[in-house]
Amino acid sequence: MSILKKTYTFLTGITVLSAASLMSCDRLHEDLDPCPQGVRLRFVYDYNMEYANAFPSQVDCLTLLVYDRDGHWLRTETAGRPETADEEWRMTIDLPAGDYRMLAYGGMDCSEASFRFATPPAETSMEDLQVYLPDALITSPEGTDLHNLFYGALDITVPEAAPDTDYTEGLVRMMRDTNDILVLLANENGDPVDADDFVFTITDNNTDFNYLNDIISHRDVTYSPWACGESQTGLVSGGTPALVGWAEFSVPRLMERSGATLTVTRRSDGERTLSIPIVEMLLALKGERYRKMADQEFLDRENRWRLAFILNENGVWGEVEIIINDWVVRLNNVTQ
């Protein structure tokens, strides 16, 4: 056989294989396998003050709920730490053409999970889905270091099949629903503060979420710190260590219109040392730097808060510092 004829035969073979490949994706031929079809999802958590993707480092497990366009549950997909820690990982789901609504929760499929579904997703519609924090994790006098909760939502359409149909790319942006709040007490004269001399509490109504991630709680609960102690901040006259007392809280999402209250009382006589609307205090930190940012966005993007209260000679607070991202705001001459 001549070289020309061999070349013609080889090219003809390629043409036949290419045609067969295309025909295998042609839905008009019902006896042939359809093309792969569905969604390929990337998950990102950059809704933070750094505007940087922290999904691989902070989300250790993932639950994805897939609904049809009318909010009927179709399936649940999960992923563990090996997947979520990989920046290149994508969740691939085979789905027929159609419109889909998806809810993503980070931190609920882990063995350490703090939050629960009120009803199994397969047994309720999307609009009736609720996530809650069990009472056992709120019980006073000792609080819980909550396992972080993340939320995301996406509406996506898988198009009708075509000869070159592939998976539809989608991006699910997550937000964090848990906060770390560290409260410090210090004496203005440098005398040490023993955290055990005080009772620290935060009262709020933020234990239950609907499918839009809005708070739907109708009852106030009291959070206790999950850790307390003392830390040395330097030396006072005579070389005596200057000790501050501190309490660390872990609480769910803070809402701008909530009545969340931080209270500190003396254990010896029950006298109140301070009681403040904590959300208003945190929003005072916006200042000029974050003036254009909406209040709720500010509360949602930031999740590590540091508040230092300076006690005067009467044992009540006369000054407060709020510390965030190494920026300190001081409020003086504040009434209780």
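Caption draft 1: Examining the overall build of the protein chain more closely. Secondary structure assignment for the protein chain yields five helices and 20 strands. The burial tally for the protein chain puts 45% of its 336 residues in the buried class. At a minimum sequence separation of 6, the contacts of the protein chain that also span at least 24 residues come to 64%. Entry remark: accessible area of the protein chain is about 17200 Å², with carbon and sulfur atoms responsible for 50%.

Caption draft 2: Looking closely at the state of the cysteines. All told, the structure shown has one disulfide when counted by the stated rule. Between Cys61 and Cys110 runs a disulfide, and the two sulfur atoms are separated by 1.8 Å. One disulfide, between Cys61 and Cys110, carries an S-S torsion of -105° and so falls in the left-handed class. One end of the pair, Cys61, is in the loop between helix H2 (55–58) and strand E2 (62–68); the other, Cys110, is in the loop between strand E5 (98–106) and strand E6 (116–117), and 49 residues separate them in sequence. Grouping residues by exposure puts Cys61 and Cys110 together as buried.

Caption draft 3: Spotlight on the pattern of salt bridges. Enumeration over the complete set of coordinates arrives at 16 salt bridges. For the salt bridge of Arg42 with Glu87, the shortest nitrogen-to-oxygen distance reads 3.0 Å. You can see Arg42 sitting in strand E1 (residues 38–44) and its partner Glu87 sitting in the loop between helix H3 (81–84) and strand E4 (91–94), a full 45 residues away along the chain. The class of Arg42 is partly exposed, set by a relative accessible area of 30%. Close ionic contact of Arg101 with Glu127 constitutes a salt bridge, the shortest N to O distance being 3.3 Å. Note that Arg101 is positioned in strand E5 and Glu127 in the loop between E6 and strand E7 (130–132), a separation of 26 residues in sequence. Owing to a relative accessible area of 22%, Arg101 belongs among the partly exposed residues under this scheme. Linked through salt bridges whose partners overlap, the residues forming this network are Arg101, Glu127 and Asp155.

Caption draft 4: Here's a closer look at the pairing of E2. The element E2 is extensively covered by neighbouring structure, given that seven of its seven residues are classed as buried. Burial along E2 is two-sided: the residues Leu62, Leu64, Val66 and Asp68 and Thr63, Leu65 and Tyr67 are all buried. Note: E2 against strand E3 (residues 73–79), six bridges, orientation antiparallel. The residue bridging Leu65 from the neighbouring strand is Thr76, located in E3. In sequence, E2 turns back onto E3 through a hairpin of four residues, with Gly71 there showing a positive phi of about 85°.

Caption draft 5: Representation of the nonpolar core in the model. The biggest cluster of nonpolar side chains holds 51 residues, and the ones touching the most others in it are Ile181 and Phe249. In this view, Phe249 contacts Asn179, Asp180, Ile181, Val183, Phe200, Thr201, Ile202, Tyr223, Ser224, Pro225, Trp226 and Leu262; residues no more than four positions away in its chain are not counted. Counting residues in hydrophobic clusters, the runner-up holds 24 residues, among them Phe43, Leu62, Met91 and Met174.

Caption draft 6: Layout of the environment of Met108. Within the secondary structure, Met108 is located in the loop between E5 and E6. Here the alpha-carbon distance between Met108 and Asp60, two residues 48 residues apart in the chain, equals 9.4 Å. Discounting chain neighbours no more than four positions away, the residues touching Met108 are Cys61, Thr63, Ala113, Phe115, Arg116, Phe117, Val131 and Leu149.

Caption draft 7: Region of the structure containing unusual backbone geometry. For Tyr51, which is not a glycine, the phi torsion comes out positive at approximately 55°. Even without a glycine there, the phi angle at Asn213 is positive, about 75°. When you line up the elements, Asn213 lands in the loop between strand E12 (208–210) and strand E13 (221–223).

Caption draft 8: The packing of aromatic side chains, seen in detail. Throughout the structure, instances matching the rule amount to nine aromatic pairs. Between Tyr105 and Tyr151, the aromatic rings sit 5.6 Å apart at their centres with planes inclined by 65°, giving edge-to-face as the arrangement. Of this pair, Tyr105 sits in strand E5 while Tyr151 sits in strand E8 (residues 150–158), and the two are 46 residues apart along the sequence. Look at Tyr290 and Phe298: their rings are 5.5 Å apart centre to centre, the planes differ by 45°, and that puts the pair in the tilted class.

Caption draft 9: Spotlight on the sheet that holds E1. The strand order across the open sheet formed by seven strands is E3-E2-E5-E8-E9-E1-E4, and the pairing between neighbours is mixed. Strands at the two margins of the open sheet, each flanked by one partner only, are E3 and E4. Between one strand and the next, the sheet's axes are offset by a mean angle of 20°, whatever the strand orientation. Inspection of the sheet shows E5 paired to E8 by nine bridges, in the antiparallel sense. Looking at the pairing, Gly98 lines up with Val158 of E8.

About the thresholds
Residues numbered from 1 in each chain as written. Predicted model: local features only at pLDDT ≥ 70, side-chain atom pairs only at ≥ 80, totals over all residues. Heavy atoms only, no water. Helix = DSSP H or I, 4+ residues; strand = E, 2+ residues; numbered from the N terminus. Buried < 20%, exposed > 50% of the residue type's maximum accessible area, 1.4 Å probe, protein only. Contact = heavy atoms within 4.5 Å. Areas by Shrake-Rupley, 256 points an atom, 1.4 Å probe, with all protein chains shown as cover. Disulfide = S-S within 2.5 Å. Salt bridge = Lys/Arg side-chain N within 4 Å of Asp/Glu carboxyl O. Pairing = 2+ DSSP bridges. Core = buried A, V, L, I, M, F, W, Y, C linked by side-chain atoms within 4.5 Å. Phe/Tyr/Trp six-rings, centres within 6.5 Å; stacked < 30°, edge-to-face > 60°. Axes fitted to C-alpha atoms, helices over the stretch in contact; angles between N-to-C directions.

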